[in-house]
Number of protein chains: 6
Amino acid sequence: MPLSPIQHADASPAVRAVYDDIKATRAVPDVNNFWKMIAHDPATLKRTWESLKEVMAPGALDPLVKEMIFVAVSATNGCSYCVRSHEAAARRAGMTDAMFGELMAVVGMANETNRLVFGYQVELDEALK
Amino acid sequence: MPLSPIQHADASPAVRAVYDDIKATRAVPDVNNFWKMIAHDPATLKRTWESLKEVMAPGALDPLVKEMIFVAVSATNGCSYCVRSHEAAARRAGMTDAMFGELMAVVGMANETNRLVFGYQVELDEALK
Amino acid sequence: MPLSPIQHADASPAVRAVYDDIKATRAVPDVNNFWKMIAHDPATLKRTWESLKEVMAPGALDPLVKEMIFVAVSATNGCSYCVRSHEAAARRAGMTDAMFGELMAVVGMANETNRLVFGYQVELDEALK
Amino acid sequence: MPLSPIQHADASPAVRAVYDDIKATRAVPDVNNFWKMIAHDPATLKRTWESLKEVMAPGALDPLVKEMIFVAVSATNGCSYCVRSHEAAARRAGMTDAMFGELMAVVGMANETNRLVFGYQVELDEALK
Amino acid sequence: MPLSPIQHADASPAVRAVYDDIKATRAVPDVNNFWKMIAHDPATLKRTWESLKEVMAPGALDPLVKEMIFVAVSATNGCSYCVRSHEAAARRAGMTDAMFGELMAVVGMANETNRLVFGYQVELDEALK
Amino acid sequence: MPLSPIQHADASPAVRAVYDDIKATRAVPDVNNFWKMIAHDPATLKRTWESLKEVMAPGALDPLVKEMIFVAVSATNGCSYCVRSHEAAARRAGMTDAMFGELMAVVGMANETNRLVFGYQVELDEALK
């Protein structure tokens, strides 16, 4: 009963146009299952792709840093698919094993200290107001 | 009834030693409330500080990137204190308004797409296995 | 070592009575694994079923809306089992593909803007107090 | 040191154009602090507003249901600002106290049963695959 | 516009009966704001109180352990109100500062290692299946 | 492309020393995949093991209570691996089926009431300040 990925051959012209833009932008032969699933709602497919393309483009932060931030959020939320796909993207952008290790160390510490703050009910310092 | 921050003057020698190391390492006149609260458990204070000092030190990733990752996790978890204190640290390490804006944009998109993956039950692509 | 589902034939009379009420209320031939697992704690089985039956019944909100809210929470929490079972219930209650698509779009946007609020530390407007 | 809301009078023409569209679309005299804060990143302001306008518009789901889903996600994530602002929007769209009560009841039950599923490690039923 | 706590004098007989049972069970002169807020939905008030009374009662686990588990979950979710009220309950049940410190240390470590598992995509050991 | 567990035979001396300490401390013939994965970052492996050994040791709270708190957090975060491994540890430390059932009941209720607090925007009682 769950939805199945919509393959390129079965896609509407509007969906196919987004797929083609993803493939051209990323120079990949096919799009990931993520896009093939949200294609069930063409408006969400188009909006999400356009937003992601804008947000992940080089800017004040380079793409490698952006992909690592994406992995940090995804690991915090426990999204296995998202960790895998953005870890792959980060590695393509130059992330080494050492960088991944430090990324995970920071993610772990942040999740730990976030809860120490919640549990000890730490109040904001005057200097931070 | 809740616990109060332990000030330097009221701290045990063991706690004071950690406070002094924080102050020396960061070149600050006093430690934040975070440390003054977890000081109620001196073992946690010591372990957390030593871990944080090790994890946030320059390595394969520079301190600015590490602080931005910390902010990303803290914003994902809704830890207001943690966002403020690590945003301040990131700004001291060189984060501009433009960088903060892109950081937040990535955090927002990652949290959105994480849920699209969960909701559409996206299965892992062969290429990502 | 993990627990296994308790089948009807192996259940105590108290557990069987709950199973029978679920089957009668929902007009299904068997109960889901969810119930067969929490049946290891008969008090939790009974309390959870009675609460769920009361909460999900038609009232000021119709069952379709309630099931979609359930899916929204489950997608936010990354509970795959819960998304699948309540998506199925929502579809039985009339949710179309278009409705599911909009549901996911809202869930995605809400998770994104929640983090923009956390990250930018937005203060409550006077008009909302 | 934290950022302050950007008021209409201090906004760039690009930001002002978004503010004006929000005010016109919602028939409100001023925009909320949320928009005034993310305006520090005009690209995020524009993209978020356009996405939200598209996602929250009437479609297969009516605006009341969409606002209630937004509240459900925000309560799950503990975003106080988001709960308040979208609860207000839902009430303007017709949500009664009774509807809010049932919404919260479903949100509570979903968060509870999500964790029972995680804790008991419930496996997917054949019928749900 | 937000809801206000319903005081005993303003409560319906059904709500008052729940308030009185809480006061008698806990030997307190008044109920907390939590109950006065969910009283806006009398069915949720009654169901939540009866569930909580059953769940938190002495059983295979003693009330102190149960209150500490409640604090652990609340700190993980960042629910400040819940941490405070259940920390108070745990202290009344005998939790010392040393026990609170160790509780928080475990909560912190669990939140950290949960994310290391998510980030490193650790697969289940044969022995744990 | 994802990382693979580092087996004892393939580990560096520094990693092997940690593995050996885990095996000796826990009296187990091999370490879990968790350690074999984070071993890709030897500093994280060493720091996490030393922290965990300190935090989970008997103290003001006994190991059984600590393992149950670990399970409570892991179920709240939806970390399947963590639930399974720490449920196993809790059972080895004496957790019965009845205790596990009550643990889950508390975890469920806490997650439910946390969201009622968030949704109803409950304000802190004077007595709790």
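Cut-offs used in this document
- Residues numbered from 1 in each chain as written.
- Chains lettered and ligands numbered in written order.
- Predicted model: local features only at pLDDT ≥ 70, side-chain atom pairs only at ≥ 80, totals over all residues.
- Heavy atoms only, no water.
- 1 Å grid on protein atoms, 1.4 Å probe; cavity = no way out; pocket = protein on both sides within 12 Å on 5 of 7 lines; lining within 4 Å.
- Points joined across faces, edges and corners; volume = space filled by probe spheres on them.
- Helix = DSSP H or I, 4+ residues; strand = E, 2+ residues; numbered from the N terminus.
- Expected span 1.5 Å × (residues − 1).
- Buried < 20%, exposed > 50% of the residue type's maximum accessible area, 1.4 Å probe, protein only.
- Least-squares fit on C-alpha atoms with pLDDT ≥ 70 in both.
- Contact = heavy atoms within 4.5 Å.
- Buried area = accessible area lost by both parts, 1.4 Å probe.
- Salt bridge = Lys/Arg side-chain N within 4 Å of Asp/Glu carboxyl O.
- Polar contact = N/O pair within 3.5 Å; in protein donor to acceptor, adjacent residues only side chain to side chain.
- Disulfide = S-S within 2.5 Å.

In the nomenclature of an unreviewed UniProt entry, chain A corresponds to Alkylhydroperoxidase from the organism Azospirillum thermophilum.

K.L.:
Looking at this structure, I do not really get empty space enclosed by the protein. What am I missing?
P.N.:
Empty space left among the atoms is revealed by rolling a probe the size of a water molecule over them. The tally for this structure, following the rule as stated, stands at 15 cavities of 30 Å³ or more. Here the largest cavity is characterised by a volume of approximately 370 Å³. Along the walls of the largest cavity sit 23 residues, with R115(A), N77(B), N77(D), N77(E) and R115(F) positioned nearest its centre. For the lining of the largest cavity, the secondary structure elements donating two or more residues are α4 (63-77) and α6 (97-120) of chain A, α4 (63-77) and α6 (97-120) of chain B, α4 (63-77) of chain C, α4 (63-77) of chain D, α4 (63-77) of chain E together with α4 (63-77) of chain F.

K.L.:
How should I be thinking about helix α3 (residues 42-56) of chain C in this particular structure?
P.N.:
Note on helix geometry: an α-helix contains 3.6 residues per turn, so any two residues three or four positions apart are oriented the same way. An ideal rise of 1.5 Å per residue puts 21 Å on 15 residues; α3(C) measures up with 21 Å between its terminal C-alpha atoms. Listed as buried for α3(C) are T44(C), L45(C), R47(C), T48(C), W49(C), S51(C), L52(C), V55(C) and M56(C).

K.L.:
Is there a simple way to think about the relation of the copies chain C and chain D in this case?
P.N.:
Comparison of the two chain copies shows a relationship of rotation about an axis with a shift along it. The transform that puts chain C on chain D rotates by 180° and translates by 0.0 Å along the axis, for an RMSD of 0.0 Å. Taken together, these values place the two copies in the relation of a two-fold axis. A share of 100% of the interface residues of chain C reappears at the interface of chain D, consistent with the copies meeting face to face through the same patch.

K.L.:
I would appreciate a short explanation of the interface of chain A and chain F in the present structure.
P.N.:
Accessible area lost upon the coming together of the parts is a frequently used measure of interface size. Chain A puts nine residues into the contact, and the matching count from chain F is seven residues. The junction of chain A with chain F conceals about 580 Å² of combined surface from both sides, 61% of it contributed by carbon and sulfur atoms. Between chain A and chain F we count zero salt bridges in total. There are zero residue pairs in polar contact (both at pLDDT 80 or more) connecting chain A and chain F. Elements represented by at least two residues in the side of chain A that touches chain F include exactly α5 (80-92) and α6 of chain A. The greatest single-element share of the side of chain A that touches chain F, amounting to six residues, is contributed by α6(A).

K.L.:
Looking at this structure, I do not really get the state of the cysteines. What am I missing?
P.N.:
Here is the idea: a disulfide is a covalent bond, and it sits between the sulfur atoms of two cysteines. All names here are of chain A. Summed over all chains, the structure comprises six disulfides over all chains. At a sulfur-sulfur separation of 2.1 Å, the disulfide partner of C79 is C82. Taking the sign of the torsion about the S-S bond as the criterion, the disulfide between C79 and C82, at about 50°, is right-handed. For C79, a relative accessible area of 1% gives the class buried.

K.L.:
Whenever I open this one, the relation of the copies chain A and chain F confuses me. Can you help?
P.N.:
Superposition of chain A onto chain F requires a rotation of 120° combined with a translation of 0.0 Å along the rotation axis, giving an RMSD of 0.0 Å. Look at the turn and shift together and you get a three-fold axis relating the two. Taking the C-alpha atom as reference, chain A places G78(A) closest to the rotation axis, 4.2 Å from it.

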